[in-house]
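Here's the letter readout for the chains.
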Amino acid sequence: MHLIIAEKNISANRIAQLLAGNEKVRAVKEGSVSTYSFDNKTVVGLKGHVVEVDFEPGYTNWRSEVHTPRSLIDAGTVKKPTEKKIVNLIQKLSKKADLVTIATDYDTEGELIGKEAYELVRAVNPSVRINRARFSAITPAEIRSAFENLTDLDFALAAAGETRQAIDLMWGASLTRFISLAARRGGRDILSVGRVQSPTLAMIVDREREIENFVPQTYWMLSLATEKDGQPVEARHTAGRFTDHEAALAAEAGTKEPLVVTNVKEGQKNDRAPTPFDTTTFIVAASRLGLSAANAMRIAEDLYMNGYISYPRTDNTVYPKSLDLNGVLETLRGGVFDADVAWVQQHRRPVPTRGKKESTDHPPIHPAGAATREALGQDRWKVYELIVRRFLATLSPDATWTTTKCMFDASGEPYTATGGRLLSAGWRRVYPYSEAKENILPVFTPGERLPIQKVNLEEKQTQPPARYSQSRLIQVMEELGLGTKSTRHEVIGKLVSRRYVEGNPLRPTLVGRAVTDALDNHADTITEPEMTRTLEEHMQLIKQSQRSRDDVIDESREMLHRVFDKLEEHRKEIGEEIMEQTAEEHTLGPCPACGHDLRIRHLGVSQFIGCTGYPECRFNISLPGSTWGRAIRIEETCPDHGLSHVRLIRKGSPPWTIGCPLCSHIASNVEALRMMPSMADDIVQRLHEHHIYTVSEIAGMQPGDLAAIVGVDAEGAGRLIQEAEDALEVLRRRSELRKFIRKIVPPRKGRSHAKIARSLLEQGIGDIRALSRADPAALKKAGIGDAGASELLEAARGLCNERVLREAGMPAVSLKKYQAGGVASPDDLCYLPIPYLSSKTGINPETVHKHVDTVCRHLGRPTPAKISRVALERGRKELLEVPGIGEATVERLYLAGIYDAATLREADPEEVSSISGIAKARLYDYISHLK
């Protein structure tokens with residue numbers, strides 16, 4: 001068997017389909033892992049890394065006095081499976097294989113994943129032949145070529161990946177433990193530190209300091225407005241920025257008619273077509289479409305695995321000679337881009353544009369297969385179209401512009417105006433992402449005189465440097481040698497998910513600044529890019545077999561030990577600095593009730609805003625549970641309450657900005673206050689003045705205290721308290737309804753549980769009891785389909801029935817027996833015959849009578865006559881002696897209230913037949929035997 005190992009399941013499936021050609025591929029699942037077989041070949045996908053590197057046993061206790069954070073630098077490591085089912089299947093298939101081909105992505109990470117697969121195979125089949133397929137796109141031509149030209153694993157490239165893995169584990173684990181322990185942070189609040197992450201964060205913090213410390217400088221710009229043949233023209237003073245106000249005023253005063261044209265220069269300039277995409281330039285371009293770096297790469301990876309584009313992780317900006325550019329163009333013919341491709345083919349530049357970076361691993365990012373908007377969906381199409389149009393632009397001619405520069409003299413003051421007109425659109429015809437702004441001037445001739453319509457002196461100020469956008473930060477990281485093309489966007493994602501930075505452009509949070517400042521003050525090697533850049537350069541040398549893995553790891557250990565020399569010397573100061581600064585991280589501002597600080601508190605999945613004056617001050621504001629996102633403070637402040645705004649952050653979801661927590665608290669509780677019939681605007685205002693915002697606070701007050709606050713008598717205060725308690729009960733039932741709906745009805749796009757509950761409330765359905773009686777049409781109006789409505793109504797009725805029975809005093813054990821016997825409602829117990837109930841549940845008839853009596857009394861209904869167990873057993877025997885009556889017929893007779901010979905003899909056959917379903921003729925026959 002020929003075993004082929006791909007990097008992921010999706011690529012395994014596609015590779016199998018491409019290699020099989022017209023042959024049918026057999027897809028089989030072993031456990032939860034899919035394999036794709038044809039001929040004698042089987043293709044199986046990994047899940048990226050299926051093993052991980054971790055420290056050897058004994059290092060899990062962070063507070064161990066033996067295995068301190070520093071000890072992790074020299075700790076031994078082991079590899080252990082993270083995807084046991086995949087590992088087991090790979091090794092099971094490897095035992096049967098006579099040839100294994102590694103078909104993971106061809107880059108450092110992919111080669112390391114391939115080496116991990118190699119080692120799994122070798123562990124169970126030491127002698128099997130293993131080779132390597134290398135490709136840059138999962139297309140028919142690329143895959144066929146790769147499998148016709150198989151090679152060996154690049155162990156030097158894999159060693160570079162292993163080195164990075166080991167170094168990142170060593171630095172990240174040891175520094176994270178040290179800083180977190182020093183600052184007394186644990187659990188979800190640990191402070192992460194990393195070899196690439198920390199200098200990247202430091203750049204964001206440094207930029208924020210530059211912005212805060214920036215002192216604007218005032219300057220003046222002088223311009224005038226004129227016109228020719230009705231066309232307005234703006235000319236600017238040739239001095240540009242005036243930093244001397246007196247000089248600017250003098251130039252303004254001296255600007256007088258006549259305005260004379262002194263010189264006109266015309267020219268032409270080339271607007272060069274853009275160069276091919278590498279990973280960084282692609283991320284920058286995608287950011288202009290509103291995509292984050294991580295999202296752009298996720299989509300590009302998906303397009304690659306489905307054969308639409310080439311491999312998106314590349315440093316190359318030069319198309320290799322081996323790339324069939326004509327073939328790529330032909331692939332795009334006949335679809336959405338047909339007209340653009342035809343134009344490019346007709347006007348194609350002699351040589352494609354080329355960037356400054358050239359490598360041999362992968363070509364620049366380019367389209368590899370045709371696609372449609374319908375097949376890809378909005379975001380994937382957006383990225384695919386960007387890559388297609390960039391490719392077309394690199395083959396298109398340059399754009400050309402005509403330029404005009406006019407010089408003017410206004411009584412000795414020199415002015416200039418420049419214009420440009422697009423002469424030939426060139427590449428801009430196929431690449432609309434870069435706007436071409438024309439400024440066409442009228443035709444001027446030297447010596448002509450023009451009017452001065454207005455002279456404008458503008459006072460301006462220099463601006464601070466801009467915060468980093470994600471795409472700009474990735475560019476700077478590349479320039480400084482931080483991270484790799486494959487990891488830079490992931491590093492930024494980690495900074496966001498760890499709440500070190502927020503927003504786009506990126507700004508540091510308080511905790512991000514605290515960690516950076518502490519490291520800057522005591523171990524700036526961690527926050528400077530030099531150390532990381534040096535290690536990156538040395539890992540590149542491993543790829544070229546000029547350095548060894550062990551050599552670079554030992555070098556890294558020495559660097560890290562020098563860092564710890566400084567850290568351990570200042571452990572106390574580092575911890576105090578971080579704790580002092582991060583106390584602000586959760587502080588929102590003054591408590592409206594007592595003036596102490598309000599802080600965000602996290603308790604497991606619960607979170608709320610509480611007063612630091614507790615227990616004397618019990619003011620608090622509830623927040624959604626942390627499943628909705630972890631609450632953090634942001635910079636915006638409420639002008640009314642002086643409180644910082646709050647945002648909920650959850651990985652993989654857009655942030656939810658709550659805003660001012662007190663404004664939100666007031667707004668969310670006003671509706672509940674209005675549920676109280678006696679509540680008026682002036683009472684609400686007085687309550688708010690005393691920092692009382694909720695019905696639960698009112699319900700918990702003493703009448704005298706409430707009367708003094710709102711200005712009513714004791715009777716009025718008592719009424720308000722009772723109304724608050726009533727409102728609380730309504731709110732409780734509404735909340736219970738929402739939870740019930742969430743439990744039964746699955747979520748769906750466009751149909752949130754809150755939206756369903758809101759629609760039901762508008763239709764007068766505010767609790768589970770009302771829901772149990774609802775018309776299915778009401779549920780349909782709320783967006784629930786027929787099947788879902790039926791299930792929801794049935795569940796609501798079942799719950800309401802159970803509650804009534806419990807309220808009546810039905811024992812829980814007995815209730816379960818009735819439910820198991822299909823007796824679910826109070827009506828069933830009141831109206832079904834006792835013999836039938838006893839038979840269905842196995843409960844003694846005397847006990848059944850007791851239960852029935854309890855329920856009937858609770859509902860105000862008459863209780864049926866009692867039947868003893870002896871009478872029921874005797875009657876059963878009597879019935880079974882009648883010819884034709886068996887056990888099944890007895891059960892049906894019980895349903896009609898017939899339990900012995902006497903009740904059968906007196907029965908009305910027509911009525912019994914309608915209840916039991918026994919034919920009337922048979923019933924007449926049974927009765928005749930008794931008579």
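Preceding this paragraph is the structure being described.
Rules of the game
- Residues numbered from 1 in each chain as written.
- Predicted model: local features only at pLDDT ≥ 70, side-chain atom pairs only at ≥ 80, totals over all residues.
- Heavy atoms only, no water.
- Pairing = 2+ DSSP bridges.
- Helix = DSSP H or I, 4+ residues; strand = E, 2+ residues; numbered from the N terminus.
- Axes fitted to C-alpha atoms, helices over the stretch in contact; angles between N-to-C directions.
- Contact = heavy atoms within 4.5 Å.
- Disulfide = S-S within 2.5 Å.
- Buried < 20%, exposed > 50% of the residue type's maximum accessible area, 1.4 Å probe, protein only.
- Left-handed = near helix turned anticlockwise from the far one by under 90°.
- Nonpolar A, V, L, I, M, F, W, Y, C, P; charged D, E, K, R; others polar.
- Parallel < 35°, antiparallel > 145°, perpendicular 65-115°, else oblique.
- Arc of directions from axis to C-beta.
- Phe/Tyr/Trp six-rings, centres within 6.5 Å; stacked < 30°, edge-to-face > 60°.
- Lys NZ or Arg CZ within 6 Å of the ring centre and 35° of its normal.
- Salt bridge = Lys/Arg side-chain N within 4 Å of Asp/Glu carboxyl O.

**Student:** Mind laying out the sheet that holds strand β8 (residues 129–132), listing which residues take part and the relevant values?
**Tutor:** In any sheet, the strands associate via hydrogen bonds between backbone groups, in a parallel or an antiparallel arrangement. Ordered by their spatial adjacency, six strands build an open sheet running β2-β3-β4-β1-β7-β8, and the pairing between neighbours is mixed. Of all the strands in the sheet, the pair left with one neighbour each is β2 (26–30) and β8. Pairs of neighbouring strands in the sheet enclose a mean axial angle of 25°, with direction left out of account. Here strand β7 (residues 99–103) pairs with β8 via four bridges, running parallel. Note that in β8 the partner of Val 100 across the bridge is Ile 130. Sitting on the sheet, helix α1 (residues 9–20) touches β1 (2–6), β3 (33–38), β4 (41–45) and β7, and the angle it makes with β3 is about 10°.

**Student:** So what about the state of the cysteines? Which residues, and what values?
**Tutor:** In this structure the tally under the stated criterion is zero disulfides. There is no disulfide at Cys 591, and the cysteine sulfur nearest it, in Cys 617, is 3.8 Å away. Here Cys 660 stays free of any disulfide, with the sulfur of Cys 638 as its closest cysteine sulfur at 3.6 Å. Under the relative-accessibility criterion, Cys 660 is labelled buried at 6%.

**Student:** Give me the lowdown on the packing of helix α28 (residues 786–808) against helix α29 (residues 812–820), citing residues and values where you can.
**Tutor:** Two elements in contact, α28 and α29, have axes separated by 11 Å at closest approach and are oriented at 145°. Once α28 is placed against α29, the crossing between them reads as right-handed. Facing α28, whose interface residues are Glu 802, Leu 805 and Arg 806, α29 presents Ala 812, Leu 815 and Gln 819. Across the contact of α28 with α29, the residue classes tally to three nonpolar, one polar and two charged.

**Student:** Describe unusual backbone geometry, with residues and values.
**Tutor:** For the bond running from Glu 257 to Pro 258, omega is 5°, close enough to zero to count as cis. Relative to the elements of secondary structure, Pro 258 occurs in the loop between α7 (245–254) and β11 (259–271). Residues Tyr 614 and Pro 615 are joined by a peptide bond in cis, for which omega reads 10°. Note on placement: Pro 615 falls in the loop between β20 (606–611) and β21 (620–622). We note that Arg 184 has phi near 55°; this positive angle belongs to a residue other than glycine. Note that Arg 184 resides in the loop between α5 (155–182) and α6 (197–213). The class of Arg 184 is exposed, set by a relative accessible area of 69%. In this structure, Asp 229 takes a positive phi of about 55° despite not being glycine. Turning to its location among the elements, Asp 229 is positioned in the loop between β9 (218–228) and β10 (231–242).

**Student:** Lay out the packing of α5 against helix α19 (residues 571–582) with the relevant residues and their values.
**Tutor:** Between α5 and α19, the least distance of the axes is 8 Å, while the angle of their chain directions is 70°. Classified by the angle between their axes, α5 and α19 sit roughly perpendicular to one another. Of the residues in α19, those in contact with Phe 178, Ile 179, Leu 181 and Ala 182 of α5 are Arg 571, Ile 574, Gly 575, Ile 578 and Met 579.

**Student:** Can you tell me about α29, naming the residues and giving the values?
**Tutor:** Within α29, burial applies to Ser 814, Leu 815 and Tyr 818. Within α29, the buried residues cover an arc of 105° as seen down the axis, which keeps them to one side. Across from the buried face of α29, at angles greater than 90 degrees, the exposed residues are Val 813, Lys 816 and Ala 820. In the core, the buried residues of α29 are packed alongside α28, α30 (826–831), α31 (834–841) and α32 (845–859). Among the residues trailing α29, Gly 822 stands out with phi positive, at a value near 85°.

**Student:** An account of the sheet that holds β21 is needed here, citing residue identities and associated values.
**Tutor:** Judged by pairing direction, the sheet is antiparallel, and its four strands sit side by side in the order β18-β19-β20-β21 without closing on themselves. Of all strands in the sheet, those with a lone pairing partner are β18 (587–590) and β21, marking the two edges. The sheet shows a mean angle of 25° between the axes of neighbouring strands, direction not considered. Against the sheet, helix α20 (residues 661–674) engages β18, β20 and β21, with an angle of about 70° to β21.

**Student:** Kindly report on the packing of aromatic side chains, identifying the contributing residues and their values.
**Tutor:** Per the stated rule, a full pass over the model turns up 15 aromatic pairs. Geometrically, the ring pair formed by Phe 178 and Phe 564 is edge-to-face, given 5.6 Å between the ring centres and 80° between the ring planes. With Phe 178 in helix α5 and Phe 564 in helix α18 (residues 549–569), this residue pair connects regions lying 386 residues apart in the sequence. In terms of burial, Phe 178 and Phe 564 fall into one category: buried. Plain terms: the ring middles of Tyr 308 and Tyr 384 are 6.2 Å apart, the flat faces sit at 70° to each other, and that makes the pair edge-to-face. Of this pair, Tyr 308 sits in the loop between α9 (293–305) and α10 (325–332) while Tyr 384 sits in helix α13 (residues 378–394), and the two are 76 residues apart along the sequence. When its relative accessible area of 17% is taken as the criterion, Tyr 308 is described as buried. Within the aromatic cluster, the residues linked to one another by ring pairs are Tyr 308, Phe 337, Trp 381 and Tyr 384. In this structure, Arg 241 packs its charged tip against the face of Tyr 219, placed 4.1 Å from the ring centre. Just above the ring of Phe 178 sits the side chain of Arg 571; from NZ or CZ to the centre is 5.5 Å.

**Student:** Tell me what's going on with the pattern of salt bridges, and back it up with residues and numbers.
**Tutor:** Applying the stated criterion to the full structure yields 52 salt bridges. Close ionic contact of Glu 536 with Arg 164 constitutes a salt bridge, the shortest N to O distance being 2.3 Å. One end of the pair, Glu 536, is in helix α17 (residues 529–543); the other, Arg 164, is in helix α5, and 372 residues separate them in sequence. Residues Arg 869 and Glu 873 are paired through a salt bridge, measuring 3.4 Å at the closest nitrogen-oxygen approach. With Arg 869 and Glu 873 both in helix α33 (residues 869–880) and four residues apart, this pair spans about one turn of that helix.

Just distances and angles here, no functional claims.
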